[in-house]
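Each chain is listed here by its residues.
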Amino acid sequence: MAIEGLWFKNVCPEPLIGTLPHGYYDDISLGADFFSGHTIIEKPGKHKITDLQKCEPEVSLKGDSLLCVIANMQDRGILFRKEYNFDSFSNAFTIKLHIKMPGRKLSTIHPFNITFIPSSFKKDSLFYATHNGADKVEKFRMGTDEIYHAQTLSSLISAKHGLGATEGFVFVGDKQKKMTFCHDQTKSAVIPSVHFSPLGDGQYFLRLQYSAQEVDETFNESRENVRFDFFWT
């Protein structure tokens, strides 16, 4: 249930977000598969927990225009339920995600990760924008320097920065087009962050990541079961 490619063909003939396979980049530091639409849970010193599991999705048509795809997955006692909705009448794609965990453990939870397809956006006009407490949208251009909001600060603090996104919107695009990512704050007030790495030959790496839990020295564990509900458009 990862997203191999997401097209909006009235905007661009190529997919705007999706999966970049191992070997896509020559840079050894980017020698991995970069998926979209997946969840990553990381515990210190442990292997990652993800919803990148084999599954048998249920596919149904609701009405004349809404295609619904649902899958249930499990990894080491953590349950994931993901629902994709495609509406042919609106230029939108929605994701509902539910996570059940046996207790609150020391870990980072990134429920939604989006990898942008570099060939679909012009590097020289790339930008991201959001609200950071004010009425107006703040726009930030990506230039020649790396942007890594979620970079670990120390062994005690899991992330340096994040975006306010106080209205629940993040915009990413170039001078010709932009994508709008909306998360439902009434479900979960997640914190988005941007990771942009400029590379040689006009290439770059760009990912938008959402965080539901980070850690620092004040983190408290709990044995009570935890349920997260998320909604993105």
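Residues numbered from 1 in each chain as written. Predicted model: local features only at pLDDT ≥ 70, side-chain atom pairs only at ≥ 80, totals over all residues. Heavy atoms only, no water.

Draft legend 1. Highlighting the overall build of the chain. Helix and strand counts for the chain come out as zero helices and 17 strands. Against the compact-globule benchmark of 17 Å for 233 residues, the chain has a radius of gyration of 18 Å, which places it among compact chains. Counting only C-alpha atoms, the chain reaches 50 × 50 × 40 Å along its principal axes. Here the chain holds 233 residues, and 44% of them are scored as buried. Considering only intrachain contacts with a sequence separation of at least 6, the fraction spanning at least 24 residues in the chain is 59%. Total accessible area on the chain is roughly 12800 Å²; 50% of this is exposed by carbon and sulfur atoms. Computed over 26 positive and 28 negative side-chain charges, the inter-centroid distance for the chain is 2 Å. (Helix = DSSP H or I, 4+ residues; strand = E, 2+ residues; numbered from the N terminus. Rg over C-alpha atoms; globule rule 2.2 N^0.38 Å. Buried < 20%, exposed > 50% of the residue type's maximum accessible area, 1.4 Å probe, protein only. Contact = heavy atoms within 4.5 Å. Areas by Shrake-Rupley, 256 points an atom, 1.4 Å probe, with all protein chains shown as cover. Lys, Arg positive; Asp, Glu negative; His and termini not counted. Charge placed at Lys NZ, Arg CZ, Asp CG, Glu CD.)

Draft legend 2. Seen up close, the environment of proline 118. Among the structural elements, proline 118 can be located in the loop between strand 9 (108-115) and strand 10 (127-130). A relative accessible area of 5% places proline 118 in the buried class. When the C-alpha atoms of proline 118 and leucine 20 are compared, they prove to be 9.5 Å apart, with 98 residues separating the residues in sequence. The residues contacting proline 118, other than those within four sequence positions of it, are Leu20, Tyr24, Tyr25, Gln203 and Tyr204.

Draft legend 3. Molecular detail of the sheet that holds strand 5 (residues 58-62). Strand order in the open sheet made by the five strands is 5-6-7-8-17, with antiparallel pairing throughout. Taken across any chain shown, the strands that pair with only one partner, and hence form the sheet edges, are strand 5 and strand 17 (226-232). Each neighbouring strand pair of the sheet contributes to a mean axis angle of 15°, computed without reference to strand direction. Here strand 7 (residues 78-87) runs beside strand 8 (residues 92-101); their pairing, made up of nine bridges, is antiparallel. Paired with phenylalanine 80 across the strands is isoleucine 99, a residue of strand 8. (Pairing = 2+ DSSP bridges. Axes fitted to C-alpha atoms, helices over the stretch in contact; angles between N-to-C directions.)

Draft legend 4. Here's a closer look at the sheet that holds strand 10. The antiparallel open sheet is built from four strands, whose spatial order is 11-10-13-14. Looking along the sheet, the strands with just one partner apiece sit at the ends: strand 11 (138-141) and strand 14 (178-182). Neighbour-to-neighbour, the strand axes of the sheet open up by a mean angle of 20°, direction not taken into account. Bridge analysis of strand 10 against strand 11 gives four bridges, and the strand direction is antiparallel. Within strand 11, the position partnered with alanine 129 by the bridge is lysine 139.

Draft legend 5. The arrangement of the packing of aromatic side chains in detail. Tallied over the entire structure, the rule returns 16 aromatic pairs. Between the aromatic rings of phenylalanine 169 and phenylalanine 171, the centroid separation amounts to 6.0 Å while the plane-to-plane angle is 5°, which identifies the pairing as stacked. Here phenylalanine 171 falls in the buried class, since its relative accessible area comes to 13%. Three or more aromatic residues link up through ring pairs in this structure, and these residues are Phe112, Tyr210, Phe228, Phe230 and Trp232. The cationic tip of lysine 139 hangs over the ring face of phenylalanine 127; the distance from NZ or CZ to the ring centre is 4.4 Å. A cation sits over an aromatic face here: lysine 177 above phenylalanine 121, 5.3 Å from the ring centre. (Phe/Tyr/Trp six-rings, centres within 6.5 Å; stacked < 30°, edge-to-face > 60°. Lys NZ or Arg CZ within 6 Å of the ring centre and 35° of its normal.)

Draft legend 6. Looking closely at the environment of phenylalanine 93. Within the element layout of this structure, phenylalanine 93 appears in strand 8. Look at phenylalanine 93 and you get buried, because its relative accessible area is 11%. C-alpha of phenylalanine 93 to C-alpha of phenylalanine 34: the two residues are 59 residues apart in sequence and 20 Å apart in space. Leave out the neighbours within four places in its chain, and phenylalanine 93 touches Ile3, Leu6, Tyr84, Asn85, Phe86, Trp232 and Thr233.

Draft legend 7. Spatial organisation of the side chain of glutamate 83. As for its position among the elements, glutamate 83 is in strand 7. Polar contacts involving the side chain of glutamate 83 include one to the side chain of asparagine 85, which spans 3.0 Å. For glutamate 83, the contacting residues outside a window of four places in its chain are Lys62, Cys68, Val69, Ile70, Thr94, Ile95 and Lys96. (Polar contact = N/O pair within 3.5 Å; in protein donor to acceptor, adjacent residues only side chain to side chain.)

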